[in-house]
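Here is how the chains run, residue by residue.
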Amino acid sequence: MKRIAAGILASLAFCALVAWPAMTESCVGKTLYFGRMPGVEQEILAELFVWLVSERTGTSIEIKTLPDSRASHSALEKAKIDLYLEEPFVALRDVLDEKGAPGGGEVARQRLRREYEEKYNLIWLEPWGFDGKAGGGGAFSKVAPVVRRDTLKKCPALSRLVNKMAGVLDNQAMELLLAESATEPVRQVTKKFLKQKK
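Attention in this report is confined to the structure presented alongside it. What you see is a predicted model; the values in this text were computed from it and never measured.

## Side note on the pairing of strand β3 (residues 83-86)
Next up, step 1: The two faces of β3 match: Leu-83 and Leu-85 on one face and Tyr-84 and Glu-86 on the other face are all buried.
Next up, step 2: Here two bridges tie strand β1 (residues 31-36) to β3, and the two strands are oriented parallel to one another. Note on β3: the bridge partner recorded for Phe-34 is Leu-83.
Next up, step 3: Both β3 and strand β5 (residues 144-148) contribute to a ladder of four bridges, which runs antiparallel. Its bridge partner lying in β5, Glu-86 is registered against Ala-144.

So this is what it looks like as structure tokens:
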């Protein structure tokens, strides 16, 4: 019953997402640079972002492949990319150089968000719903977009649009996308996934 209820909520969230008319004119005609790391999972995230933003708003998206989280964070700081998706546990370990499992659950996640904003002018948006591989579950495993503050100033509606993905891409959905991507092009698989969520 809980799984059914969660599925209904995710579907309602996605219906709101696909009904989004368009981002404000301040973002239309501009180019956003999306960072992705190696691997099919990251390719899926990149293609979902392209379909969600570019195909629905006319904003151009350029994908930049980076080797790891440290390189992605550095590119974000230097404005070589506008955003990428990261696992909080990895950000804590590889960017803030804090070792060991974080304590405090949601409190620790909020501390990470605050430190990123204060130290780097980078904003964590809401998790998309699935767990990364490093954190072992919980608040620090939920993969979420990290975006430059000045990007949000240039595209004020971007955070609201991207946050509508929160909870839509759960672990089960990601496993399905990975399985289908083994036999079909990722771009085709992600497009089909979004159409099925309408």
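After that view, the rundown keeps rolling.
## Some points on the nonpolar core
Next up, step 1: Of all hydrophobic cores here, the largest spans 35 residues; its most connected members are Leu-45, Leu-48, Phe-49, Val-53, Trp-128, Leu-158 and Leu-169.
Next up, step 2: Those elements that place two or more of their residues in this core are β1, α2 (40-57), β3, α7 (158-163), α8 (171-181) and α9 (186-196).
Next up, step 3: The element that contributes the greatest number of residues to this core is α2, accounting for nine residues.
Next up, step 4: Here Phe-49 is in contact with Leu-32, Phe-34, Ser-54, Ile-61, Leu-83, Trp-128, Leu-158 and Val-162, once residues within four sequence places are set aside.
Next up, step 5: Membership of the second largest hydrophobic core comes to 20 residues, among which are Tyr-84, Phe-89, Leu-112 and Tyr-116.

About the thresholds
- Residues numbered from 1 in each chain as written.
- Predicted model: local features only at pLDDT ≥ 70, side-chain atom pairs only at ≥ 80, totals over all residues.
- Heavy atoms only, no water.
- Buried < 20%, exposed > 50% of the residue type's maximum accessible area, 1.4 Å probe, protein only.
- Helix = DSSP H or I, 4+ residues; strand = E, 2+ residues; numbered from the N terminus.
- Pairing = 2+ DSSP bridges.
- Core = buried A, V, L, I, M, F, W, Y, C linked by side-chain atoms within 4.5 Å.
- Contact = heavy atoms within 4.5 Å.

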